[in-house]
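Chain by chain, the residues run as shown.
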Amino acid sequence: MSTLFWKRSELLFLILYAVAFYAIVIQRSLYLSHDHSRELYGLRRGWMFNRLNDLSDAQWRNFHGNLPILTFVLGLFTFGANTLRSQFYLKAKEMSVVWFLISLAYILHLHGACVVFVLSIASVNYFLAKILAKSKSYLYVLWIFNISILLLNRIYDGYSFSLFGNHWAFLDSYRGSFRWQICFNLVVLRMISFGCDYYWSVKETRLHQKKHIVCCSICSSGKACYHFLQERGLHSRQYSFITYIAYLLYAPLYIAGPIVSFNAFASQLDVPQRSHSVGDVAFYGLRWVLCFVLMETMTHFFYYNAFATSGLWRQLSPLEIFIIGYGVINFMWLKFLVIWRYFRFWSLVAGIETIENMPKCINNCYSLETFWKCWHASFNKWIVRYMYIPLGGSHKKLFNTWIIFTFVALWHDLEWKLISWAWLTCIFFIPEIVIKSSVSSFTSRSATGKLFLREMSAVAGAITITCLMVANLVGYVIGPSGTSWLISRLVKKDGFPVLGFIFLSFYVAVKLMFHIRDNKQNTKQI
């Protein structure tokens, strides 16, 4: 009885503290946005309460501005593809042709003459797979080729047609409305996915199908879960060039959106996804609308990203710097959630299921591993399947972490601040891995021991969140050059109380997450 009373009292305190914390953050954010609106870059006239709208983020500005035409185009494409499928009973090969033609028209508008680069590189990758897939050295060739392409695309900024001769220079005037090398980062992941899936299909399947069907609630009900579609091998004829190209250029997921493996994509061309009913997809679309309205509310009232891009954060107090940094991370999370869920929605409408990229709120993650599993979940699954397991999995976790995060940084862009972000994340990952392995071997039956372990876990979680915030600030806000300035600012006399407040707030947040976790576990047991 006393334990239950203590837990309820603790929960009440945590909730009251969280309410007070967000009241302070919201109040200070409103004042900062109001007082500095004339000094910030990237603010545009908004539609909410005659306020300015923060469109300083280029990715969000492009998505926001093109949303009407994008919705019309993707709606037309998915309606056309679904109509042709139902009217003519099209299967995998025929649907590959349909999506290839639709997607080709789409990227011709986006990239113009640069489609030649996309198709040429994709074709080389395909024929490398077909020729070398039975070779033991094939995976090395696949990775070297794709990483080289990734780097060359950035070094030469998408290439100039004049590089191939002056008589081709006129094509540089027809490069489309969207830089092809930006979208090609996702295409590289798909090319690697196809290459690995085809290579493994030549060898043997990595999935025990009967055992999986018995254990999986979705598959045992007669449907096929995403994991089953991804892991089972396909017939060799399904690894055709037309299906491969349709997969690379698939319109609903070409610009952004979750990453789908080749096996899962090709399987659903033949039989559209049945895990989500029409009602489920419609409700998912409604939830997206609500998320978009939330994002619009945030950018109309809180100009976090504008502070970061304008460099005005250098003029603020330590508490205000923390609020802006915390706000930027939440802005980024909500931005990607809205963008990724938008494209996933259209993919579901078209009959292709993908993994949800943001399954958990950013403010409900207290470990680096959980954060990365829930930040870009489909990319995380891709990394696990095509990098982590082939590199040795959990047996070489410390080694794998450096290779994986370096690749992730290079995949995003060739910038030192992203390399700094990646290596900082790896440094912060090491103690978490060591502590987790130590804690997993420690069990305590006494109430005091369990309480001590819980408190130490909360402290460790608070440290982890602090490290995560620092890594993301360095990678996406202040850069490596601003790190020393930020540290020197926080260790001054007026900075120490703020550091204490930050750590206490994160400690309280982790304890609150523990209560949420325990409540979910108790609900499942009931």
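Rules and cut-offs
Residues numbered from 1 in each chain as written. Predicted model: local features only at pLDDT ≥ 70, side-chain atom pairs only at ≥ 80, totals over all residues. Heavy atoms only, no water. Helix = DSSP H or I, 4+ residues; strand = E, 2+ residues; numbered from the N terminus. Buried < 20%, exposed > 50% of the residue type's maximum accessible area, 1.4 Å probe, protein only. Contact = heavy atoms within 4.5 Å. Areas by Shrake-Rupley, 256 points an atom, 1.4 Å probe, with all protein chains shown as cover. Lys, Arg positive; Asp, Glu negative; His and termini not counted. Charge placed at Lys NZ, Arg CZ, Asp CG, Glu CD. Phe/Tyr/Trp six-rings, centres within 6.5 Å; stacked < 30°, edge-to-face > 60°. Axes fitted to C-alpha atoms, helices over the stretch in contact; angles between N-to-C directions. Parallel < 35°, antiparallel > 145°, perpendicular 65-115°, else oblique. Left-handed = near helix turned anticlockwise from the far one by under 90°. Nonpolar A, V, L, I, M, F, W, Y, C, P; charged D, E, K, R; others polar. Expected span 1.5 Å × (residues − 1). Salt bridge = Lys/Arg side-chain N within 4 Å of Asp/Glu carboxyl O. Patch = residues over 30% accessible without salt bridge, like charges linked within 9 Å, V, L, I, M, F, W, Y side chains within 5 Å.

Any chance you could break down the overall build of the chain for me, citing the residues and the numbers?
When helices and strands are tallied, the chain shows 20 helices and two strands. Its C-alpha atoms put the chain at 65 × 60 × 45 Å along the principal axes. Within the chain, buried positions represent 51% of all 526 residues. Considering only residue pairs separated by 6 or more positions, the chain has 75% of its internal contacts joining residues 24 or more positions apart. Summed over all atoms, the accessible surface of the chain reaches about 26100 Å², with 67% contributed by carbon and sulfur. For the chain, the separation between the mean place of its 49 positive charges and that of its 24 negative charges on side chains is 6 Å.

With reference to specific residues and values, describe the packing of aromatic side chains.
Summed over all chains, the structure comprises 58 aromatic pairs. With 5.3 Å between their ring centres and 25° between their planes, Tyr-239 and Phe-262 make a pair best called stacked. Residue Tyr-239 is found in the loop between helix H9 (226-231) and helix H10 (241-249), and its partner Phe-262 is found in helix H11 (residues 262-270); the two are separated by 23 residues along the sequence. The residues Tyr-239 and Phe-262 share a single accessibility class, namely buried.

Can you break down the packing of helix H4 (residues 115-132) against H10 residue by residue, with the values?
Closest axis-to-axis distance for the H4/H10 pair is 11 Å, and the angle between their directions is 130°. When the interaxial angle is binned, H4 and H10 end up oblique. Between H4 and H10 lies a crossing of right-handed hand. Only Phe-241, Tyr-244, Ile-245, Leu-248 and Leu-249 of H10 make contact with H4, whose side of the interface consists of Val-118, Leu-119, Ala-122, Ser-123, Asn-125 and Tyr-126. Of the residues contributing to the contact of H4 with H10, the split by class is nine nonpolar, two polar and no charged.

Pulling in residues and values, what's your account of unusual backbone geometry?
You will see that Tyr-89, though not glycine, has its phi angle at about 50°, which is positive. Inspection of the secondary structure puts Tyr-89 in the loop between helix H2 (58-88) and helix H3 (92-111). At Asp-157, a residue that is not glycine, the phi angle is positive and equals roughly 50°. With respect to the secondary-structure elements, Asp-157 resides in the loop between helix H5 (138-155) and helix H6 (180-203).

So what about helix H12 (residues 278-301)? Which residues, and what values?
Because each turn of an α-helix spans 3.6 residues, side chains separated by three or four positions in sequence point in the same direction. Here H12 contains 24 residues, and its C-alpha end-to-end distance of 35 Å stays within 8% of the 34 Å for a straight helix at 1.5 Å per residue. Of the positions making up H12, those classed as buried are Val-281, Tyr-284, Gly-285, Trp-288, Cys-291, Phe-292, Met-295, Glu-296, Met-298, Thr-299 and His-300. As for H12, its buried residues are in contact with strand E2 (52-54), H2, helix H13 (304-310) and helix H14 (318-349).

Tell me about the packing of H2 against H3, and name the residues and values.
Working note: a packed helix pair is described by the angle between its axes plus the distance between those axes. Running from amino to carboxyl end, H2 crosses H3 at an angle of 160°, the nearest separation of the two axes being 10 Å. Taken together, H2 and H3 sit at an angle that is classed as roughly antiparallel. When you trace H2 past H3, the crossing you get is right-handed. Between H2, through Leu-70, Val-73, Phe-77, Thr-78, Ala-81, Leu-84 and Arg-85, and H3, the contact on the second element is made entirely by Met-95, Val-98, Trp-99, Ile-102 and Tyr-106.

Give a description of the pattern of salt bridges that names residues and reports values.
Evaluated as defined, the whole model comprises 14 salt bridges. The salt bridge involving Arg-344 is made with Glu-356; its shortest N-O contact spans 3.4 Å. Placement of Arg-344 in helix H14 and of Glu-356 in the loop between H14 and helix H15 (368-375) is noted, with a sequence separation of 12 residues between them. One exposure class covers both Arg-344 and Glu-356, and it is buried. Residues participating in the shared-partner salt-bridge network are Glu-10, Glu-455 and Lys-511.

Hey, could you go over the side chain of Ser-378 for me, with residue numbers and the actual values?
Within the fold, Ser-378 resides in helix H16 (residues 377-388). Apart from the residues lying within four places of it in its own chain, the contact partners of Ser-378 are Pro-258, Ile-259, Ile-355 and Asn-357.

Run through the environment of Met-95, naming residues and quoting values.
Inspection of the secondary structure assignment puts Met-95 in helix H3. Measuring from C-alpha to C-alpha, the distance between Met-95 and Leu-418 comes to 39 Å, with 323 residues separating the pair along the chain. Among residues more than four places away in sequence, those in contact with Met-95 are Ala-81, Arg-85, Leu-90 and Leu-269.

Please give an account of a nonpolar patch on the surface that cites residues and values.
There is a patch of nonpolar side chains on the surface, built from Leu-152, Ile-155, Tyr-156, Leu-163, Phe-164, Trp-168, Phe-170, Tyr-174 and Leu-414 and spanning about 980 Å² of accessible area. The topology assignment puts Tyr-156 in the loop between H5 and H6. Of the residues examined, Tyr-156 reaches a relative accessible area of 47% and is grouped as partly exposed.

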